[in-house]
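These are the residues of each chain, in order.
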Amino acid sequence: MGGGQRAEQAQAELVDLGVPAIGYDRLRQVGRGVRDQQASTAQMCGRCGDGVAAVSPDGAVWPCVFSRWLPIGNVLETELAAILAGPEAAGVRAELAETFAARKPSACRPDSAPKNHP
């Protein structure tokens, strides 16, 4: 949200409507969001490819929905199980593991946590 958008008032209104906790996530420089930086693993939570994968409508497979620049195969050409067990996926998982080894993975909400409104 930008300045002047009354975020605190919006949170209060949601709480009044019965939403028990209001969470948020910062704009990451990955995925389809507007960005002013090159996509990188620094913007990711550290759990990509850890029991998850994303498949796009055109069949592209990525380690997670936020890693579109790291394709590991296409389900229109190869079965998903073969893609996930294949050398390209193993290489990307190894690259990601090396990148994430120095930091603790989060719950796919980098640098934020649910905020409870009083």
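Here is what the cut-offs are and how they apply
Residues numbered from 1 in each chain as written. Predicted model: local features only at pLDDT ≥ 70, side-chain atom pairs only at ≥ 80, totals over all residues. Heavy atoms only, no water. Patch = residues over 30% accessible without salt bridge, like charges linked within 9 Å, V, L, I, M, F, W, Y side chains within 5 Å. Areas by Shrake-Rupley, 256 points an atom, 1.4 Å probe, with all protein chains shown as cover. Salt bridge = Lys/Arg side-chain N within 4 Å of Asp/Glu carboxyl O. Helix = DSSP H or I, 4+ residues; strand = E, 2+ residues; numbered from the N terminus. Buried < 20%, exposed > 50% of the residue type's maximum accessible area, 1.4 Å probe, protein only. Pairing = 2+ DSSP bridges. Contact = heavy atoms within 4.5 Å. Polar contact = N/O pair within 3.5 Å; in protein donor to acceptor, adjacent residues only side chain to side chain.

Trainee: Got a minute to help me understand a nonpolar patch on the surface in this structure?
Mentor: On the surface, a cluster of nonpolar side chains totalling about 400 Å² of accessible area is made up of Val55, Val75, Leu76, Leu80 and Leu84. Note on placement: Leu80 falls in helix 2 (residues 80-85). Leu80 gets classed as partly exposed once you look at its relative accessible area, which sits at 35%.

Trainee: Help me understand the sheet that holds strand 1 (residues 54-55), please; the structure alone is not making it clear to me.
Mentor: One key point about sheets: their strands pair by backbone hydrogen bonds, in either a parallel or an antiparallel sense. Taken in spatial order, the 3 strands of this open sheet run 1-2-3, and their pairing is antiparallel. The sheet terminates laterally at strand 1 and strand 3 (73-74), the two strands that pair on one side only. As defined by bridge partners, strand 1 adjoins strand 2 (residues 60-62) across 2 bridges and the pair is classed as antiparallel. Note that in strand 2 the partner of Val55 across the bridge is Val61.

Trainee: Explain the side chain of Ser67 here, please?
Mentor: Mapped onto the elements, Ser67 comes out in the loop between strand 2 and strand 3. With residues up to four places along the chain from it excluded, the contact list for Ser67 reads Met44 and Trp62.

Trainee: Looking at this model, I keep getting lost on the environment of Ala54. Mind explaining?
Mentor: If you trace the backbone, Ala54 turns up in strand 1. It is 8.7 Å that separates the C-alpha atoms of Ala54 and Phe66, two residues lying 12 residues apart in sequence. Those residues in contact with Ala54, other than ones at most four positions away along the chain, are Ala60, Val61, Trp62, Pro63, Cys64 and Val65.

Trainee: Before we go on, may I ask you to explain the side chain of Asn74 in this structure?
Mentor: Considering the arrangement of structural elements, one finds Asn74 in strand 3. At a separation of 3.2 Å, a polar atom in the side chain of Asn74 contacts the main-chain carbonyl oxygen of Asp58. Ignoring sequence-local partners within four residues, the contact set of Asn74 consists of Asp58, Gly59, Ala60, Val61 and Ile83.

Trainee: I keep staring at the environment of Leu76 and nothing clicks. Help me out?
Mentor: One can find Leu76 in the loop between strand 3 and helix 2. Given a relative accessible area of 69%, Leu76 falls into the exposed group. For the pair Leu76 and Val61, spaced 15 residues apart in the sequence, the C-alpha separation amounts to 10.0 Å. Setting aside chain neighbours within four positions, we find Leu76 in contact with Asp58 and Gly59.

That is the geometry; function is a separate question.
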